[in-house]
Amino acid sequence: MAEGIVKITDQDFDRTVKEGGLTLVDFWAEWCGPCRVIAPILEDLAREYAGRLTIAKLNVDENRDTPARFGIRSIPTLLIFKGGARVDQVIGAVPKGVLKTKIEQHL
């Protein structure tokens, strides 16, 4: 995992989104092409928003409960949480500017 990005599981998901302040969770899988496309963008954002945003990655193949709970049907799906509550979502590999706009709305 790149610096500033945390790997989470079904077990620590709730704690991470509650304690992380503003948290962007990337639901992804190893075999997913668009997930690989968006990964470097998330690494850039982790550096850019260090200390203001937590970026977490949850592998949907290794963790099935959390994606089912949030109705994740396609990946990558990015959910944004503030204080433990879901406040936004982005589906698919979108440009960095789209993600920055979403993040800025909730900072």
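Here, every reference points to the structure presented above.
Residues numbered from 1 in each chain as written. Predicted model: local features only at pLDDT ≥ 70, side-chain atom pairs only at ≥ 80, totals over all residues. Heavy atoms only, no water.

**What to know about the side chain of Thr-16**
- As for its position among the elements, Thr-16 is in helix H1 (residues 13-19).
- Residue Thr-16 is classed as buried on the basis of its relative accessible area, which comes to 14%.
- Excluding anything up to four places from it in sequence, Thr-16 contacts Ile-8, Thr-23 and Ala-56. (Helix = DSSP H or I, 4+ residues; strand = E, 2+ residues; numbered from the N terminus. Buried < 20%, exposed > 50% of the residue type's maximum accessible area, 1.4 Å probe, protein only. Contact = heavy atoms within 4.5 Å.)

**Focus: helix H2 (residues 33-48)**
- The terminal C-alpha atoms of H2 lie 24 Å apart, and with 16 residues this matches the ideal 22 Å at 1.5 Å per residue to within 8%.
- Taken together, the buried positions of H2 are occupied by Cys-35, Ile-38, Ala-39, Ile-41, Leu-42, Leu-45 and Ala-46.
- Buried residues in H2 make contact with strand E1 (5-8), strand E2 (22-28), strand E3 (54-59), strand E4 (77-82) and helix H4 (96-106). (Expected span 1.5 Å × (residues − 1).)

**Regarding the sheet that holds E1**
- In spatial order, the strands read E1-E3-E2-E4-E5; together these 5 strands make up an open sheet with mixed pairing. Either end of the sheet is taken by a strand with one partner, and the two such strands are E1 and strand E5 (85-91). If you compare each strand with its neighbour and ignore which way they point, the axes differ by 25° on average.
- Where H2 meets the sheet, its contacts fall on E1, E2, E3 and E4, and the angle it forms with E3 comes to roughly 155°.
- The strands touched by H4 are E2, E4 and E5; relative to E5, the strand with the most contacts, the crossing angle is about 170°. (Pairing = 2+ DSSP bridges. Axes fitted to C-alpha atoms, helices over the stretch in contact; angles between N-to-C directions.)

**A look at H4**
- For H4, the set of buried residues is Leu-99, Ile-103 and His-106. In an axial view of H4, the angular spread of the buried residues amounts to 65°, which keeps them on one side of the axis.
- Residues of H4 that are buried sit in contact with E2, H2, E4 and E5. (Arc of directions from axis to C-beta.)

**Brief notes about the packing of aromatic side chains**
- Throughout the structure, instances matching the rule amount to 4 aromatic pairs.
- When the ring of Phe-13 is compared with that of Phe-27, the centres are 6.3 Å apart and the planes differ by 45°; the resulting orientation is tilted. Of this pair, Phe-13 sits in helix H1 while Phe-27 sits in strand E2, and the two are 14 residues apart along the sequence. The exposure classification of Phe-13 matches that of Phe-27, with both residues buried.
- Ring centres 5.5 Å apart and planes at 80° place the aromatic pair Phe-70 and Phe-81 in the edge-to-face group. With Phe-70 in the loop between helix H3 (65-69) and E4 and Phe-81 in strand E4, this pair connects stretches of sequence that are 11 residues apart. Exposure class is identical for Phe-70 and Phe-81. Each is buried. (Phe/Tyr/Trp six-rings, centres within 6.5 Å; stacked < 30°, edge-to-face > 60°.)

It is worth stressing that arrangement in space is one thing and function is another; only the former is reported here.
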